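Observations on the model geometry
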Amino acid sequence: MSLERFPRSPRFRIGPLQIDLERSTVSGEDGAVGLTSRAEHLLLLLARYPNLLVTREQILDTIWADRVVEDAAITNCIWQIRKAIGERGKEILQTRAKRGYVLVVAESDWIIDAPPPVPAASTDVEAMHASAPSSEVFAGDSVGHDAAKIDDVSDSGASPPAHQQVVPDSRPRRWPWRLSWRSVAVLAVAVLVCGGLASRFLRTPPDRIDLLPDVETTATVLVPDKMDWLRKAVLRSVIENIYLHGGRVVLFQKAQTRNPFAGPHLQVQVIHATSAEIEAELSLVQGRAAVREHYRGPATGLAPVVQALLTRTFGKAGRQLTPAMDVLVSGWAAEQRFDHLQAIEDFRRAVARDPAANDAKLALASALLEQGQGKAAQAFVDQLLAGPPLDAGQRCTLDEMLAEIAPERMSAQPCDRAERIAQLGKLEMRELLRDIQASKGPKSAQQWLYDETAAIFAHIRLGEADQAEARLVRAQRTAAEAGWEHARIELGTLRGTSAIHNGQNERGARLQLDSANALEALGDVRSALRERTIGLRKIPIVPGHAIDARRTQVRAIVDRARVIGNVRAEIEALYLLARLDRGRLDEWRAELARILELLEEAYPQQQQTRDLHLVLNEMEVQHRYGDVLEGVMRIERAGGTQPQAQLWNLTLRAESHFARDELDQAVNAVDAMQRENFEIQDTNPCLFAWLFVEAKQTQRAREILGVCRSRHYDRTSQASRADSALVAEARLYQRDGEADRAWPVLRPRIEALLGTTDLTLREAESLALLARHAVGLPGADRARLQQALVIVEAMARLDGAGVELKAGAHLLRWRLCAASPAAVDCGPVLSPLAPEDLLERRLAEQASGR
């Protein structure tokens, strides 16, 4: 029997099994072994210490990372190994009662390919401990610095700590000579004495770190692309360990240079990898202290070493892993990898295994809500509300969901994260900014992201573009230094939001699509689809042959959203299809019907409000104002009284009553907005300036025109919003008895549109609007207006043109006909497609003198 400390060769046989320590593999005669992953890992551990006792404590520390497990867990693995070895299983794998196990490997079992080389004596001593990880504590160090490596015994004289001595090492060790027992004893005493002195003066044990409630542990796991399996294994191990200690993990994507958050940050980085072994740097940073380790050994040994580091630093876990928890942890790991379908499947399994597990219910409800499956989420929310009291962290997660689907059911004093969502819903932007300003000091990663996102959005809504951009730049820099690439990109989407809010639709669309590409490159398809639909919505539609290719692109998004089970993304893509199909009423109706069907199936009543407003907006574009007003009343009866819902309701009321020439009702709606202290610039200020002109409220018209003109609009926003201000100004001159000043207001814009060779749909609609209101004005160039009619009628016949353009072309044709010196029958004033355009009919008849 060999008494050598390390294997004599990379390979040996025991029974029908062949063990290859260089590749960390176990194979049978037919290739199959029949061992679970933990049993195989245990066999490889024993194989690296042949004929030596491996204690239960060493097994637990390496295989289970000091997790609390039943005796049966080790016993079951031993039983599997003996069964795989065969009838000599107990003889080869021997039990040492109450101590551990010995794997007996005879001389004849080793597979020797060639005579072993004779290395230098110093190399021999160094090789004894080359596989063991080492650790140090540095005060005030940062993660970006090079980690110190203490794996050279010849320099320090220190032996590895006991808990590190059995970390797997795949490299074979060959001794050039046999040492006598006296030599071994002398060497051992020397190492122990010198190692103890070195440990006393050169090493400090890691400080104990207590995980705080609601403060996540952040982590970065960096491995070569070809070793994604290792990244998954380490991530799974980290999430499990932190959860058993009562915490949660947020995964970062890049190496960290500064940890700005309140919680600890773990960084695991593989710096070198071969088929035989890897080298990795491990660091755990909390405040000014940083624990670092260097690992060298087989890839399969990295996750247990990370587990051991966490256990030593955080202490013994307060929870014991159950089957439900095991599946729950797998779901969280899938979620961090952006595999949302797998996460939901795992969360469902966890709830099925333990219906009383609140963490599993919360995880499942949150994941379903993120996928747009609000009704399914609400079922679990109801169970949680009716069940036993939740702890503070669980109640915070629950309140975050309630803030979105049922704010009235939130706690009396919700946590900060839930409060931010509620404040945004109530449009309490100033209050929100004051609260965030008051919450100083380090924050957890998630709380920081909530606060920064909410504050930037508040500045955008308040029209404070410079403050929003300055805060956005700072926040993105912080996320980049922390290595939180996903947060950096998510924050960047707000730059697109700001551009769109300030009338820069084209820039906003480009920024949103850039963000979508970056998110997809990280693997977050769900968020990428969200940003892609927002960006595509702001890209101008150009009627013609290109429309069909764009439909194909959007249908692909619909299909992809269905594949990943994301109802939210499917609905958003269906809105895009409806915009493209406004001129094909059958398809348009079918797409809106599908949206309403999905809303009814997936969304609770409170959550439907926003999307019902978008459906009503589509109806308004089709000039179905009566249906819009009925829809608003239905929303109000159903309880859609949140501030944002009220603002949308009042905006739709004002626009629809104005189009129907019901001026008093339209003015009342705008008055209600101002009574509720809503920001008019968040709605349709240019159109409302025109409303006040027609309502003979000249002073108010001028005030709102000032708000409208305070922005610089790009091509898309100029056509969709700002051109109505030109009509308002021209009408204002007419009302003031200065009609000769009206044509000069409209002429530059009309001529600019006539000179544009690539008119978009909204620009063609705008040309029809401006040209028809110019007909009959003193000095108006009839030839130019006739040219406008030719252009808009030609575009109205193309694929992608909708009711707005067709009805506008009809009105322009009628006005030109009615203003002709030759008395002819011009037909009906309004197009059959837009019988409710009563304001336009009245103004057209007045202009013609009827």
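An account of the accompanying structure is given in this report.

Here is what the cut-offs are and how they apply
- Residues numbered from 1 in each chain as written.
- Predicted model: local features only at pLDDT ≥ 70, side-chain atom pairs only at ≥ 80, totals over all residues.
- Heavy atoms only, no water.
- Core = buried A, V, L, I, M, F, W, Y, C linked by side-chain atoms within 4.5 Å.
- Buried < 20%, exposed > 50% of the residue type's maximum accessible area, 1.4 Å probe, protein only.
- Helix = DSSP H or I, 4+ residues; strand = E, 2+ residues; numbered from the N terminus.
- Contact = heavy atoms within 4.5 Å.
- Salt bridge = Lys/Arg side-chain N within 4 Å of Asp/Glu carboxyl O.
- Pairing = 2+ DSSP bridges.
- Axes fitted to C-alpha atoms, helices over the stretch in contact; angles between N-to-C directions.
- Disulfide = S-S within 2.5 Å.
- Polar contact = N/O pair within 3.5 Å; in protein donor to acceptor, adjacent residues only side chain to side chain.

Focus: the nonpolar core
- Judged by nonpolar contacts, the single largest core of 109 residues is most densely connected at Trp690, Leu746 and Ile750.
- Residue contributions to this core peak at 10 residues, all from helix H23 (residues 567-580).
- Contact partners of Trp690, with chain neighbours within four places excluded, come to Phe658, Ser724, Val727, Ala728, Arg731, Leu769, His773, Leu839, Glu840 and Leu843.

Quick word on helix H1 (residues 37-47)
- Most of H1 sits out of view: eight of its 11 residues are buried.
- Buried within H1 are the following residues: Ala39, His41, Leu42, Leu43, Leu44, Leu45, Leu46 and Ala47.

Section: the pattern of salt bridges
- For the coordinates displayed, the defined rule picks out 57 salt bridges.
- Ionic pairing is found between Arg594 and Glu570, a salt bridge with its closest N-O pair at 3.3 Å. Residue Arg594 is found in helix H24 (residues 585-602), and its partner Glu570 is found in helix H23; the two are separated by 24 residues along the sequence.
- Of the charged contacts in the structure, one is a salt bridge between Arg715 and Glu763, with a shortest N-O distance of 2.6 Å. Taken as a pair, Arg715 in helix H31 (residues 715-735) and Glu763 in helix H33 (residues 761-774) lie far apart in primary sequence, 48 residues in all.
- With a relative accessible area of 34%, Arg715 lands in the partly exposed category.
- Connected through salt bridges with shared partners, the residues Arg537, Arg568, Glu572, Arg610 and Asp611 form a single ionic network.

A few points about unusual backbone geometry
- Residues other than glycine seldom take positive phi values, yet Asp661 does so here, at roughly 65 degrees.
- Positionally, Asp661 belongs in the loop between helix H27 (643-659) and helix H28 (663-675).
- Within the chain, Asn677 stands out as a residue other than glycine whose phi angle is a positive 65 degrees.
- Its location among the elements puts Asn677 in the loop between H28 and helix H29 (685-694).

So, the sheet that holds strand S5 (residues 93-96)
- Taking strand neighbours across the sheet as the criterion, the three strands line up as S4-S6-S5 in an open arrangement whose pairing is antiparallel. The open sheet is flanked by strand S4 (54-55) and S5, the only strands paired with a single partner.
- Each of S5 and strand S6 (100-103) touches helix H3 (residues 71-85); the most contacted strand, S5, lies at about 150 degrees to it.

Here's the deal with the sheet that holds strand S3 (residues 25-27)
- Overall, antiparallel pairing links the three strands, which are arranged S1-S2-S3 in an open sheet. The open sheet has two edge strands with one neighbour each: strand S1 (11-14) and S3. Within this sheet the neighbouring strands show an average axis-to-axis angle of 20 degrees, counted without direction.
- The pairing of strand S2 (residues 17-20) with S3 spans three bridges and is classified as antiparallel. Along S3, the bridge assignment pairs Gln18 with Ser27.

Some details on the state of the cysteines
- Here the structure, examined in full by the defined rule, presents three disulfides.
- A sulfur-sulfur separation of 1.8 Å characterises the disulfide bridge that pairs Cys686 with Cys708. The sign of the 85 degrees torsion about the S-S bond sets the Cys686-Cys708 disulfide as right-handed. On the criterion of sequence distance, the pair formed by Cys686 in helix H29 and Cys708 in helix H30 (residues 698-709) is long-range, its members being 22 residues apart.
- Ordinal numbering of bonded cysteines along the protein defines a disulfide pattern of 1-2, 3-4, 5-6.

Some words on the side chain of Arg236
- By secondary structure assignment, the location of Arg236 is in helix H8 (residues 228-244).
- In this structure the side chain of Arg236 is engaged in a polar contact, spanning 2.5 Å, whose partner is the side chain of Asp326.
- In this structure, Arg236 is in contact with Asp326, Val329, Ser330 and Ala333, ignoring residues within four places of it in sequence.

Thoughts on the pairing of S5
- Inspection of the sheet shows S5 paired to S6 by four bridges, in the antiparallel sense. By the bridge assignment, Thr95 is partnered in S6 with Tyr101.
- With antiparallel pairing between neighbouring strands as the criterion, S5 and S6 make up a hairpin whose turn holds three residues, including Lys98 at a positive phi of roughly 60 degrees.

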